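If you want the building blocks of each chain, they are given just below.
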Amino acid sequence: MMANSLNECGDMESPTSCDELRNNTGVYTSANSLDMQRTVESQVSSFSSFRDWSVVNFLPWKKNVRSALRRTRTIVPNYVFDETGAEIGANPNLQYANNKIKTTKYTLLTFLPKNLFEQFHRFANLYFIFIVALNWVPAINAFGKEVAMIPVLVVLSVTAVKDGFEDYRRHLSDNDVNHNTCRIFSGSKKIYEKREWQELHVGDIVHLSCNEIIPADILLLRSSDSQDMCYVETLNIDGENNLKQRQVVKDFVRLKGDLSAEKVISTIDCDTPNNQIYRFSGIMHCRQAGQIPVNKDNLLLRGCTLRNTDYVEGIVIYAGKKKTLPAAI
């Protein structure tokens, strides 16, 4: 079937060649070609051998097939737009979530209906409500109807107060986390400015000092260590006290105080947010060094604490709700 799909392009009666059917983005636009592409993409999931994958590599739309296999996100440093004075809407990072977190379940309007809805899903509550309902039937009532409602109302009220108090404490904890500060690079001023965590966005360059908590998932670009490493404590994530090493992106053009757009990063292609804390991969496109692979050893996860390193600098990859880990730190 693969061979037949490839031969369809050469057997088309139209004089237009396969190369002429592409639009400016390199994607086929004719109906026949789109059908061929869908056919191939539907078969990609069944490829199990290297030979099958090598066939995909020779397809003219191989980039589209690979993106179908694994979704990625593209990140551009935000300071590029500060330096060039581009419009705010031109920044592609605005489609990603900011770093503000919210772990509360209720608002003032939704507390009562949502809390009652959750409580009525508990079997014990449903059982006692059913007993109260039966007691309103004259033929089978055993005691006063109003008296039978008191225990149920007390239980529902106490549970609602407890849930509301816990949610309020989560609200206070969220405010404390969101109002923590860190230093973010400003492309227009060429300096690091102190801002709150909730103002952090994907693509920002962050400067962290020793013993600071990492505010978002950050790709390590620079370290004060002579070996281009840093040490992080992951106690808030996996409960381990031992320090773990993280490495600056290999072959990356080191940031020596000058973060001009011509000398640093063009774009970063990496995995979309997921819950796999031990998996990460991507490609950094650098103007001077070309394509540089990145992996989990280059990623600083939110909630970790920087140890035994004077400072590090990196670019935010995931933030807010779309980070690798839960919000609690």
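Just so you know, these numbers come straight off a predicted model, no measurement behind them. (Residues numbered from 1 in each chain as written. Predicted model: local features only at pLDDT ≥ 70, side-chain atom pairs only at ≥ 80, totals over all residues. Heavy atoms only, no water.)

### Things to note about the overall build of the chain
Here's step 1: When its secondary structure is counted, the chain shows nine helices and 13 strands.
Here's step 2: Of all 329 residues assigned to the chain, the portion counted as buried reaches 38%.
Here's step 3: For the chain, the share of sequence-separated contacts (at least 6 apart) that also reach a separation of at least 24 residues comes to 64%.
Here's step 4: For the chain, the accessible area works out to roughly 19,200 Å², and carbon and sulfur atoms hold 55% of it. (Helix = DSSP H or I, 4+ residues; strand = E, 2+ residues; numbered from the N terminus. Buried < 20%, exposed > 50% of the residue type's maximum accessible area, 1.4 Å probe, protein only. Contact = heavy atoms within 4.5 Å. Areas by Shrake-Rupley, 256 points an atom, 1.4 Å probe, with all protein chains shown as cover.)

### Topic: a nonpolar patch on the surface
Here's step 1: Taken together, Phe 123, Tyr 127, Phe 128, Phe 130, Ile 131, Leu 134, Val 137 and Ile 140 make up a surface patch of nonpolar side chains, about 790 Å² in accessible area.
Here's step 2: Within the secondary structure layout, Phe 130 lies in helix H7 (residues 123–135).
Here's step 3: By relative accessible area, Phe 130 is classed as partly exposed at 48%. (Patch = residues over 30% accessible without salt bridge, like charges linked within 9 Å, V, L, I, M, F, W, Y side chains within 5 Å. Salt bridge = Lys/Arg side-chain N within 4 Å of Asp/Glu carboxyl O.)

### Considering the packing of H7 against helix H8 (residues 145–178)
Here's step 1: Where H7 contacts H8, the two axes come as close as 9 Å, and the packing angle between them is 160°. Classified by the angle their axes make, H7 and H8 are roughly antiparallel. Of the two possible hands of crossing, H7 and H8 adopt the one that is left-handed. Across the interface between the two elements, Asn 125, Phe 128, Ile 129, Val 132 and Asn 135 from H7 touch Lys 145, Ala 148, Met 149, Val 152, Val 155 and Leu 156 from H8.
Here's step 2: Looking at the contact of H7 with H8 residue by residue, the classes come out as eight nonpolar, two polar and one charged. (Axes fitted to C-alpha atoms, helices over the stretch in contact; angles between N-to-C directions. Parallel < 35°, antiparallel > 145°, perpendicular 65-115°, else oblique. Left-handed = near helix turned anticlockwise from the far one by under 90°. Nonpolar A, V, L, I, M, F, W, Y, C, P; charged D, E, K, R; others polar.)

### Topic: the pattern of salt bridges
Here's step 1: Summed over all chains, the structure comprises 12 salt bridges.
Here's step 2: For Glu 212, the salt bridge is made with Arg 183, and the minimal N-O distance between the two is 2.8 Å. Of this pair, Glu 212 sits in the loop between strand E4 (205–209) and strand E5 (217–223) while Arg 183 sits in strand E2 (residues 181–186); the two residues are 29 residues apart in sequence, bridging distant segments of the chain.
Here's step 3: With relative accessibility at 17%, the residue Glu 212 sits in the buried group.
Here's step 4: Taken together, the shared-partner salt bridges connect Lys 162, Asp 163 and Glu 166 into one network.

### Quick word on the nonpolar core
Here's step 1: Core analysis: the largest hydrophobic core is formed by 44 residues, its most contacted members being Leu 219, Met 284 and Ile 317.
Here's step 2: Once residues lying within four places of it in the same chain are set aside, the contact partners of Leu 219 are Val 249, Ile 268, Phe 280, Met 284, Val 294, Asn 298, Leu 299, Glu 313, Gly 314, Ile 315 and Ile 317. (Core = buried A, V, L, I, M, F, W, Y, C linked by side-chain atoms within 4.5 Å.)

### Digging into the environment of Tyr 318
Here's step 1: If you trace the backbone, Tyr 318 turns up in strand E13 (residues 311–318).
Here's step 2: Tyr 318 sits in the buried class, given a relative accessible area of 2%.
Here's step 3: As for Tyr 318 and Ile 75, which are separated by 243 residues in sequence, their C-alpha atoms are 9.8 Å apart.

### So, the sheet that holds strand E12 (residues 305–307)
Strand pairing in a sheet is mediated by backbone hydrogen bonds. Such pairs are either parallel or antiparallel.
Here's step 1: Within the open sheet, the three strands sit side by side as E7-E6-E12. Their pairing is antiparallel. Whereas interior strands pair on both sides, the edge strands pair on one side only; in this sheet they are strand E7 (243–247) and E12. The mean angle between the axes of side-by-side strands here comes to 45°, regardless of whether they run parallel or antiparallel.
Here's step 2: Pairing of strand E6 (residues 229–233) with E7, which is carried by five bridges, proceeds in the antiparallel orientation. Its bridge partner being in E7, Met 229 is matched across the sheet by Gln 247. (Pairing = 2+ DSSP bridges.)

### Some thoughts on the sheet that holds E5
Here's step 1: Spatially, six strands are ordered E3-E2-E4-E13-E5-E11 in an open sheet, and the strand pairing comes out antiparallel. With partners counted over all chains shown, the strands left at the sheet margins are strand E3 (191–196) and strand E11 (299–300), one partner each.
Here's step 2: Bridging between E2 and E3 involves six bridges; their strand directions are antiparallel. Counterpart to Cys 182 in the pairing with E3 is Arg 195.

### Here's the deal with the packing of aromatic side chains
Here's step 1: Tallying each qualifying case throughout the model produces five aromatic pairs.
Here's step 2: Ring geometry for Tyr 127 versus Phe 128: centroids 5.3 Å apart, planes at 75°, classification edge-to-face.
Here's step 3: Relative accessible area serves as the criterion here: at 43%, Tyr 127 is assigned to the partly exposed category.
Here's step 4: Residue class for Phe 128 comes out partly exposed when judged on its relative accessible area of 47%.
Here's step 5: Relative to Tyr 192, the ring of Phe 185 has its centre 5.4 Å away and its plane inclined at 65°; by these criteria the two rings are edge-to-face.
Here's step 6: Residue classification places Phe 185 among the buried positions, given a relative accessible area of 7%.
Here's step 7: These aromatic residues form a ring-pair network of at least three members: Tyr 79, Phe 185 and Tyr 192.
Here's step 8: One Lys or Arg, Arg 73, reaches over the ring of Tyr 96 and ends 4.0 Å from the middle of that ring. (Phe/Tyr/Trp six-rings, centres within 6.5 Å; stacked < 30°, edge-to-face > 60°. Lys NZ or Arg CZ within 6 Å of the ring centre and 35° of its normal.)

### Some words on the confidence of the model for the chain
Here's step 1: Chain-level pLDDT for the chain is 75 on average; 70% of the residues reach the 70-or-more range.
Here's step 2: Considering only residues more than four positions removed or in separate chains, one finds that residues 1–69, a stretch of pLDDT under 50, has 52 contacts. (pLDDT = per-residue confidence, 0-100.)

### A few points about the side chain of Asn 298
Here's step 1: Counting through the fold element by element, Asn 298 comes out in the loop between strand E10 (290–295) and E11.
Here's step 2: When sequence neighbours within four positions are dropped, the list of residues in contact with Asn 298 reads Ile 218, Leu 219, Leu 220, Gln 247, Val 248, Val 249 and Pro 293.

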